[in-house]
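Spelled out from the first residue to the last, the chains are:
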Amino acid sequence: MRISIIGAGYVGLVTGLCFSEMGHEVLCIENDPEKIDSLRKGRIPIFEPGIEGLLSEHVRKGRFRVEEDPREILQTEITFLCVGTPSRKNGEMDLRFLESAAVDVGGVLREKEGYHVVVVKSTVIPTTTETTIVPILEKSSGKKAGRDFGVAMNPEFLKEGSALRDFMNPDRVVIGALDERSGNCVRSLYRDFRCPIVEVSLSTAEMIKVASNAFLATKISFINEIGNICKSMGIDVRKVAEGMGYDERIGPQFLRAGCGFGGSCFPKDVSGLIAEAERRGLDPVLLRSVLKVNEVQPLKIIELLENRIKIDGKRIGVLGLSFKPDTDDIREARSRIIVGELLRKGAIVRAHDPKAIDNFRKEFPDVEYLRSAKECVEGCDAILIVTEWPEYADPSIYEERLVIDGRGVVKTNNYEGICW
Ligand code: UGA
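Note that this is a predicted model, so its numbers are computed, not measured. Residues take numbers from 1 onward in each chain, read along the sequence in its written order. Local features in a predicted model are, by the rule used here, given only for residues with pLDDT of at least 70; side-chain atom pairs are given and counted only at 80 or more, and totals for whole chains, interfaces and linings are based on all residues. Computation of side-chain values: all heavy atoms of the structure, hydrogens and water removed.

1. Section: unusual backbone geometry
One non-glycine residue, Glu332, adopts positive backbone phi at about 55°. A relative accessible area of 39% means that Glu332 is categorised as partly exposed. Unusually for a residue other than glycine, Glu399 sits at a positive phi of about 50°. Note on placement: Glu399 falls in the loop between strand 12 (382–385) and strand 13 (402–405). Accessible area is worked out with a 1.4 Å probe on protein chains only. A residue is then buried under 20% of its type maximum, exposed over 50%, and partly exposed in between. For helices the rule is a DSSP run of H or I covering at least 4 residues; for strands it is a run of E covering at least 2, with both sets numbered from the N terminus onward.

Right, dumping it as C-alpha cells:
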C-alpha cells in the first residue's frame, strides 16, 4: 500500500520505516527543513537501536521518502497522524500539532477523488478523534467522514530502545474504526502479524492506549511503595517482586522497583487522564497517587545518601541521566529531580551517561560531565546509580566508595540499595 505519515518524530519514523520494511511505499511529511535534510542523507535525529540501518536501506531502495508539502499525500491511500501530543501545565494534552495536521490533511483531501483513510496514531485522551479530529477533517475537506473518507485510531505500544522489535512483534494490534471500511483498510496492513487484533470503536482504542500506560505506571509506583516498606523492614523487594511475578494474574514485568518512571509517555498520559477525569467531575484518587509516589521516589535516593554523609560540599557522582537505558531521552527523567536536589543541597555533581550528556548539559550546565563511568567515580565521596546502563554493573569501578543504587545494577562492599 502507499502510506503517508505526518510527523517524522519518534513514532512517525518507527512506524514509517517498519511499514517500508514490510514492503509498503512510505512517504513521510515533515515541516522542519533541517530534519528533512538530515533524514534524506540517512541521518536520524533520535537514538534508537537499528533505526539508522533501516533508514539508509529504505531511502536507497526508494521505499521511504521525506517531503515537506502535505499535498504529496494525494499519492497515497492512507495517512497516519504521528505528531506529538505534549502535556500542558495543567496536565491536559496539548492537541495543537494534531489539530493542525488534521487541518492540513483535510485541506488536501478536498482535492482527492478516491477514497482515503486517516488514522490517528498519536496518543490522545479518549473521544478526541471522534469529537475533535473528525469535525476538523470534515470542515477542512468539505467531505463527510464514513462516506467520502475513512477514519481510524491505531495506537502504538512502542518502547524507546526496542521500538522496532515492538512494532514488528506486537503483543496485540488495536484498531479503532469509524466504520467497517476504515477498519478493513487498517487491518489489511497488519495481515501478516500473528497476534490478536483488537477491533473496537475510535474512543475505545484511545482508552486502551492510555489505560495501558496508566496501568504500567501504576505497577511501577505500586512496587516502589512496597519497596520503600521492604527497605524499612530489611527485605529485598526484588525477591518479593520475583515471588509475586510467577502468579500469572500479576506477571513479572514492570515490577522493577527503583527511583521511579520517566519518559515522554507515562507521566504525560497519566496526567492527561487525571485532567480529563477531573474535568468530568470525577475524583481519580488512584491515578493521582501513582504520580505522587513517582515524584517522591527519586528523593529516596537522596534521603539514603543523607543518612550516610552530609551532602553540602561533597563530590557526588551520578551515573545515568537518560530516563532509561538505550536512549538519549531525558524527558521527565528522575535524574533531573535527583541532580536538581543535589545541587540545591550544595553538592559538587559529576555525571556520566553513555548517550544523554548533550541533552542534560543544556539544562544543567553546572554539572561536571565525564566520558566514562570510571572517570566519573574517581574522586567522588559517593555515587548514585540512577539509570541501569550495563556498564555500571562492573563492581570494580567503584572500589570502596559509597554506592547508592537506584536501579539494582550492582553489588559492592560499600553499598545501599534504594528498596533492598
Ligand atoms: C512506554 C510503554 O512501555 C510503551 O508500551 C508505550 O508505547 C510508550 O510508553 C508510549 O506510550 O509511547 P517508554 O516510555 O519508552 O514506553 O519506556 P518504558 O520501558 O515503559 O519505561 C518507562 C519508565 O518506567 C522508565 O523510566 C523506566 O525506568 C521505568 N520502569 C519501567 C521502572 O521504573 N520499573 C519497571 O519495572 C519498568
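On we go from here.
2. Section: the sheet that holds strand 10 (residues 348–352)
We call two strands paired when DSSP finds no fewer than two bridges between them. An order of 11-10-9-12-13-14 is seen for the six strands of this open sheet, with the pairing classed as parallel. Both outer strands of the open sheet, strand 11 (368–369) and strand 14 (415–417), are each paired with one neighbouring strand and no more.

3. Regarding the site of the ligand
By convention in this text, a residue qualifies as near a molecule or strand provided that one of its non-hydrogen atoms is within 4 Å of it. Neighbouring the ligand are 19 residues, the closest being Glu156, Glu160, Lys209, Asn213 and Phe323. Polar contacts, as counted here, are pairs of nitrogen or oxygen atoms within 3.5 Å of one another; within protein the pair requires one atom able to donate a hydrogen and one able to accept it, and residues that are adjacent in sequence qualify only if both atoms are side-chain atoms. Interatomic distance of 2.8 Å between a backbone N/O atom of Glu160 and an oxygen atom of the ligand. Separating an oxygen atom of the ligand from a side-chain N or O atom of Lys324 is a distance of 2.9 Å. When residue character is reported, Ala, Val, Leu, Ile, Met, Phe, Trp, Tyr, Cys and Pro are called nonpolar, Asp, Glu, Lys and Arg charged, and the others, Gly included, polar. Grouping the constituent residues of the shell around the ligand by class yields nine nonpolar, three polar and seven charged.

4. Let's talk about empty space enclosed by the protein
One simple way to see leftover space: roll a probe sized like a water molecule over the atoms. Space inside and on the surface of the protein is sampled on a 1 Å grid over the protein atoms alone, with a cavity defined as a set of points where a 1.4 Å probe fits but cannot get out and a pocket as an open set with protein on both sides within 12 Å along at least 5 of 7 lines; lining residues have an atom within 4 Å of a point. Grid points are joined across faces, edges and corners, and a volume is the space filled by probe spheres set on the points. All chains considered together, the criterion is met by two cavities of 30 Å³ or more. Reported here for the largest cavity is a volume of approximately 60 Å³. Contributing to the lining of the largest cavity are Arg2, Glu25, Val26, Leu27, Gly62, Arg63, Arg65, Gln75 and Thr76. Broken down by element, the lining of the largest cavity gets its largest block of residues, three residues, from strand 2 (residues 25–29). Residue composition of the lining of the largest cavity, by class: two nonpolar, three polar and four charged. Empty space within the second largest cavity amounts to approximately 50 Å³. As for the second largest cavity, its lining consists of Gly260, Phe261, Gly262, Leu321, Ser322, Phe323, Ala333, Arg334, Ser335, Val386, Thr387 and Arg407.

5. Considerations on the sheet that holds strand 2
Spatially, 3-2-1-4-5-6-7-8 is the arrangement adopted by the eight strands of the open sheet, whose pairing is mixed. The strands lining the two open edges of the sheet, one partner per strand, are strand 3 (64–67) and strand 8 (197–200). When strand polarity is set aside, the average angle formed by the axes of neighbouring strands in this sheet is 25°. As judged from the four bridges shared by strand 7 (residues 173–177) and strand 8, these two strands associate in the parallel manner. From the neighbouring strand, Ile175 faces strand 8, where its bridge partner is Glu199. Any two residues whose heavy atoms approach within 4.5 Å at even a single point are treated as in contact. In this description, a line fitted to the C-alpha atoms serves as the axis of each element, helices being fitted only across the stretch in contact, and the angle between N-to-C directions of two axes falls anywhere from 0 to 180 degrees. Packing against the sheet, helix 5 (residues 128–141) makes contact with strand 4 (78–81), strand 5 (117–120) and strand 6 (150–153), and its axis sits at approximately 145° to strand 6.

6. Focus on the packing of aromatic side chains
In this description, a pair of aromatic rings is defined by centroid distance and the angle of the planes. Stacked, tilted and edge-to-face are the three classes applied to pairs of Phe, Tyr and Trp rings, where Trp contributes its six-membered ring and a pair requires centres within 6.5 Å; stacked means planes under 30 degrees apart, edge-to-face means over 60, and tilted covers the rest. Within this structure, the stated rule accounts for nine aromatic pairs. Note on Phe19 and Tyr190: the rings are 5.9 Å apart at their centroids and 55° apart in plane angle, and the pair reads as tilted. Placement of Phe19 in helix 1 (residues 10–21) and of Tyr190 in the loop between helix 7 (180–189) and strand 8 is noted, with a sequence separation of 171 residues between them. The same class applies to Phe19 as to Tyr190, namely buried. Here the aromatic rings of Phe261 and Phe266 are separated by 5.8 Å at their centres, their planes lie at 80°, and the arrangement is edge-to-face. Exposure remark for Phe261: the relative accessible area of 4% places this residue in the buried category. Phe266 gets classed as buried once you look at its relative accessible area, which sits at 12%. These aromatic residues form a ring-pair network of at least three members: Phe19, Phe80, Phe167, Tyr190 and Phe193.

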